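If you want the building blocks of each chain, they are given just below.
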Amino acid sequence: MSRAYGWTDKGDAVVEDEATVIRMMATWLLEGGSLRGLTEHLKSEGIATAGDKTWQTVTIKRALTNPRMIGKKKSGDKLVDAEIPPILQTRTYNRLCKLLLDPERAKFTGGRTQVALLGGGIARCGGCGRALYSSASTGRAAVYTCSTRSGECPATVSVQAELLDADVTERVLARLSSPKLRAALTKSINQLGSRDEAEARIEDLQARYTALGEDFADGLIERETMRAGTDKVRANIAAIELKMKQQEVLDDLPEPTPSAIVEWWEQAGPRQRHDVVSILLDHVTVKPTDRRGPGGLDDERIEYVWKK
Ligand SMILES: [Zn+2]
């Protein structure tokens, strides 16, 4: 039998370099990267299987969902101790199994990568201001690209997804780790009062919104007056909802120290990560570059707009 990637021939010790690759694969997939993209990445890095073959989506899937990843083996329906050192944490392994054995996933293993970190228009094109979306084509790493059809955006910005995600992550974690910023955030949330009070205010605002429409319909106010009023009410509701969301996300977070925050982030799922980014970051604009291809990132290319 051939050697299992990640362990020595006898299976009694971990091959550290390979274990690192396995953990990278796990992170890649759990953060929303596609299997297809991962095979391309491994190929471009010159990383082969234990049998010196090219990694295929099916071999990755089989390797990562094998219980040996957590030092166990199958015995009937149960998992028993296999007396080999584990490479993945049980929690990570369980999440991988859930993800990779989910039949729905087949939809997402094509060319387009699901990147949760900057979904929802958080990353914007510096040329036209529209959202950047994530795509991966064969043989290349995932990129964020302007969503405007070619010809309609003066720049058609694109940037390597991995680089932008890393930069955003670093800045978001730095903010979350700062006791000063955390205190300021908590203070601004507390101004809102209790959850019940916040909900009551939203209800009141919604009633005003309706009243503005009725007043316009009854000819009591002009269209511009109604517009200005409804815009303001909408903005006020959005501001309260943001604070409520911030409160909800902060409740889940550990104390603001770098180690606690990093540890939390590493075990967080794509949804949680996206939530954390979205309560802090309004958007990040990526400006065009003169260089060819998606290219790298330097501070001059990115502009962060944080939420207040
Ligand atoms: Zn654009």
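Below is a short write-up of the structure.

Rules used throughout
- Residues numbered from 1 in each chain as written.
- Predicted model: local features only at pLDDT ≥ 70, side-chain atom pairs only at ≥ 80, totals over all residues.
- Heavy atoms only, no water.
- Helix = DSSP H or I, 4+ residues; strand = E, 2+ residues; numbered from the N terminus.
- Buried < 20%, exposed > 50% of the residue type's maximum accessible area, 1.4 Å probe, protein only.
- Contact = heavy atoms within 4.5 Å.
- Areas by Shrake-Rupley, 256 points an atom, 1.4 Å probe, with all protein chains shown as cover.
- Donors = N, O, S within 2.8 Å, 3.2 Å for Na, K, Ca; no water.
- Tetrahedral: all angles 85-135°; square planar, octahedral: opposite > 155°, others 65-115°.
- Pairing = 2+ DSSP bridges.
- Axes fitted to C-alpha atoms, helices over the stretch in contact; angles between N-to-C directions.
- Salt bridge = Lys/Arg side-chain N within 4 Å of Asp/Glu carboxyl O.

### Details of the overall build of the protein chain
Link 1 in the chain: The helix and strand inventory of the protein chain stands at 10 helices and 8 strands.
Link 2 in the chain: Relative to its 308 residues, the protein chain shows a buried fraction of 39%.
Link 3 in the chain: When contacts within the protein chain are restricted to residue pairs at least 6 apart in sequence, those whose partners lie at least 24 apart make up 58%.
Link 4 in the chain: For the protein chain, the computed accessible surface area is about 17900 Å², with 49% contributed by carbon and sulfur atoms.

### Observations concerning the coordination of the zinc ion
Link 1 in the chain: Donor atoms from the polypeptide that coordinate the zinc ion comprise Cys125 (SG), Cys128 (SG), Cys146 (SG) and Cys153 (SG), at 2.2 to 2.4 Å from the metal.
Link 2 in the chain: For the zinc ion, the 4 donor atoms in the first shell make angles of 100 to 118° at the metal, so the coordination geometry reads as tetrahedral.
Link 3 in the chain: Sequence spacing of the donors to the zinc ion: C-x2-C-x17-C-x6-C. One end of the pair, Cys125, is in strand E3 (residues 123–125); the other, Cys146, is in strand E5 (residues 143–146), and 21 residues separate them in sequence. Each member of the pair, Cys125 as well as Cys146, is classed as buried.

### A closer look at unusual backbone geometry
Link 1 in the chain: A positive phi angle is found at Asp52, which is not glycine, with a value near 60°.
Link 2 in the chain: Relative to the helices and strands, Asp52 resides in the loop between helix H2 (35–44) and helix H3 (57–64).
Link 3 in the chain: For Asp52, a relative accessible area of 67% corresponds to the exposed category.

### Describing the pairing of strand E2 (residues 78–81)
Link 1 in the chain: The sheet contact formed by strand E1 (residues 72–75) and E2 spans 4 bridges and is antiparallel. Within the sheet, the bridge partner assigned to Ser75 lies in E2 and is Lys78.
Link 2 in the chain: Adjacent in sequence and paired antiparallel, E1 and E2 are bridged by 2 residues, among which Gly76 carries a positive phi angle near 65°.

### Quick word on the environment of Val80
Link 1 in the chain: Within the fold, Val80 resides in strand E2.
Link 2 in the chain: Given the relative accessible area of 30%, Val80 is considered partly exposed.
Link 3 in the chain: When the C-alpha positions of Val80 and Arg68 are compared, they lie 9.9 Å apart, and in sequence the two are 12 residues distant.
Link 4 in the chain: Among residues more than four places away in sequence, those in contact with Val80 are Gly71, Lys72, Lys73 and Ser75.

### Remarks on the sheet that holds strand E8 (residues 302–306)
The strands that make up a sheet pair up through hydrogen bonds in the backbone, lying either parallel or antiparallel.
Link 1 in the chain: Pairing is mixed in the open sheet, where 3 strands are placed in the order E3-E7-E8. Every interior strand has two partners, whereas the edge strands, E3 and E8, have only one. Taking the axes of each pair of neighbouring strands and ignoring which way they run, one obtains an average angle of 25° across the sheet.
Link 2 in the chain: Direction of pairing for strand E7 (residues 281–286) relative to E8: antiparallel, over a ladder of 5 bridges. Pairing of Val284 across the sheet is with Tyr304, part of E8.
Link 3 in the chain: The strands touched by helix H5 (residues 161–177) are E3, E7 and E8; relative to E8, the strand with the most contacts, the crossing angle is about 35°.

### Quick look at the pattern of salt bridges
Link 1 in the chain: Considering all chains together, one arrives at 9 salt bridges under this definition.
Link 2 in the chain: Note that Glu199 and Arg195 form a salt bridge whose closest N and O atoms lie 3.6 Å from each other. Here Arg195 and Glu199 lie together in helix H7 (residues 195–217), a separation of 4 residues that amounts to about one turn.
Link 3 in the chain: The class of Glu199 is partly exposed, set by a relative accessible area of 36%.
Link 4 in the chain: Linking Asp275 and Lys245 is a salt bridge whose minimum nitrogen-to-oxygen distance equals 3.5 Å. Within this pair, whereas Asp275 is found in helix H10 (residues 270–280), its partner Lys245 is found in helix H8 (residues 223–251), the two being separated by 30 residues in sequence.
Link 5 in the chain: Judged by relative accessible area, Lys245 falls into the partly exposed class, the value being 29%.

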